[in-house]
Amino acid sequence: MSFIKKSSRLLQSQLRRVQSVPIALYHENVVEHYENPRNVGSLDKKDIRVGTGLVGAPACGDVMKLQIKVDENGKIIDAKFKTFGCGSAIASSSLATEWVKGKSIDEAGKLKNTDIAKELRLPPVKLHCSMLAEDAIKAALADYKVKQQKNETN
């Protein structure tokens, strides 16, 4: 009887986890970035070397802030994100920050949502999360470029 009770408790705990976070629907790459997100946080948005992108998806309510810090040679040396959204949105943000680090501004601008979606194995209903990450990268790059133009005119 003891074995059956232990097995039953184990099964119930697994069912609770599946009900609270539907891991069975997500690829392990999404789960890994969701459970262990990289580069969560913020950079100083007043810093002239920091570009900030803030984007949202009204249809699902996801909001993503992605920031990059660029060195004097135009290389991204740091990236941070804060995302309010589903597991796929958080995973997309996390992966995006990993991928932009070490890239030039031009290289980062070439990152596509399809690459993020492919790496995370996102299902079609979650592709908007990778699109949000691409939009956040582009918005951060645009903000950085505007700051640089303002700095040059001063």
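What counts as what
Residues numbered from 1 in each chain as written. Predicted model: local features only at pLDDT ≥ 70, side-chain atom pairs only at ≥ 80, totals over all residues. Heavy atoms only, no water. Helix = DSSP H or I, 4+ residues; strand = E, 2+ residues; numbered from the N terminus. Buried < 20%, exposed > 50% of the residue type's maximum accessible area, 1.4 Å probe, protein only. Contact = heavy atoms within 4.5 Å. Areas by Shrake-Rupley, 256 points an atom, 1.4 Å probe, with all protein chains shown as cover. pLDDT = per-residue confidence, 0-100. Patch = residues over 30% accessible without salt bridge, like charges linked within 9 Å, V, L, I, M, F, W, Y side chains within 5 Å. Salt bridge = Lys/Arg side-chain N within 4 Å of Asp/Glu carboxyl O. Axes fitted to C-alpha atoms, helices over the stretch in contact; angles between N-to-C directions. Parallel < 35°, antiparallel > 145°, perpendicular 65-115°, else oblique. Left-handed = near helix turned anticlockwise from the far one by under 90°. Nonpolar A, V, L, I, M, F, W, Y, C, P; charged D, E, K, R; others polar. Pairing = 2+ DSSP bridges.

Taking an unreviewed UniProt entry as the reference, the chain is identified by name as NIF system FeS cluster assembly NifU N-terminal domain-containing protein belonging to Drosophila mojavensis.

A.B. asks: What's the story with the overall build of the chain in this structure? I'm lost.
C.D. replies: When its secondary structure is counted, the chain shows 6 helices and 3 strands. Scanning the chain from its N terminus toward the C terminus, one meets helices and strands in the order α-α-β-β-β-α-α-α-α. Per-residue burial for the chain yields a buried fraction of 39% across its 154 residues. When contacts within the chain are restricted to residue pairs at least 6 apart in sequence, those whose partners lie at least 24 apart make up 61%. Summed over its atoms, the accessible surface of the chain is roughly 9,200 Å², and 55% of this surface lies on carbon and sulfur atoms.

A.B. asks: Would you mind going over the environment of R49 with me for this structure?
C.D. replies: Here R49 shows up in the loop between α2 (28-35) and β1 (50-57). Distance from R49 to D143, taken between C-alpha atoms, is 10.0 Å for residues 94 residues apart in sequence.

A.B. asks: Where do I start with the confidence of the model for the chain in this structure?
C.D. replies: Detailed reading of the predicted model is not advised wherever pLDDT is low. Across the chain, the average pLDDT comes to 87, with 84% of residues at 70 or higher. For the stretch residues 17-21, pLDDT sits under 50, and the model shows 3 contacts to residues farther than four places along the chain or on other chains.

A.B. asks: What's the story with a nonpolar patch on the surface in this structure? I'm lost.
C.D. replies: Judged by side-chain polarity, L54, V63 and F84 come together as a nonpolar surface patch covering roughly 340 Å² of accessible area. You can see L54 is positioned in strand β1. Look at L54 and you get exposed, because its relative accessible area is 60%.

A.B. asks: What's the story with the packing of helix α5 (residues 113-120) against helix α6 (residues 127-153) in this structure? I'm lost.
C.D. replies: Angle between the axes and distance between the axes: these two values describe a pair of packed helices. It is the contact of α5 with α6, at a shortest axis distance of 8 Å, that shows an interaxial angle of 130°. On the basis of the axis angle, α5 is oblique to α6. By crossing handedness, the relation of α5 to α6 is classed as right-handed. Contacts from N113, I116 and A117 in α5 reach L127, S130, M131, A133 and E134 in α6. Partitioning the contact of α5 with α6 into residue classes produces 5 nonpolar, 2 polar and 1 charged.

A.B. asks: What is the right way to read the sheet that holds β1 from this model?
C.D. replies: Sheet strands line up and pair through hydrogen bonds in the backbone, either parallel or antiparallel. Strand order in the open sheet formed by 3 strands is β1-β2-β3, with antiparallel pairing between adjacent strands. Unpaired on one side and paired on the other, β1 and β3 (76-84) mark the two borders of the sheet. Strand-to-strand twist in this sheet, taken as the mean axis angle between neighbours without regard to direction, amounts to 15°. The sheet contact formed by β1 and strand β2 (residues 62-70) spans 8 bridges and is antiparallel. Bridge pairing links A57 to D62 in β2. Helix-sheet contacts for α6 involve β1, β2 and β3, and the interaxial angle to β1 is about 145°.

A.B. asks: Please clarify how α2 should be interpreted in this entry.
C.D. replies: Since the α-helix advances by 3.6 residues per turn, residues separated by three or four positions end up pointing in the same direction. Along α2, the residues classified as buried are N29, V30, V31 and H33. Contacts made by the buried residues of α2 are with α3 (87-100) and α5.

A.B. asks: Looking at this structure, how should I read the packing of α2 against α3?
C.D. replies: Between α2 and α3, the least distance of the axes is 8 Å, while the angle of their chain directions is 80°. Our classification of the angle between α2 and α3 gives roughly perpendicular. Across from V30, H33 and Y34 in α2, the residues of α3 making contact are G87, S88, I90, A91, S94, L95 and E98. Class assignment for the residues of the contact of α2 with α3 results in 5 nonpolar, 4 polar and 1 charged.

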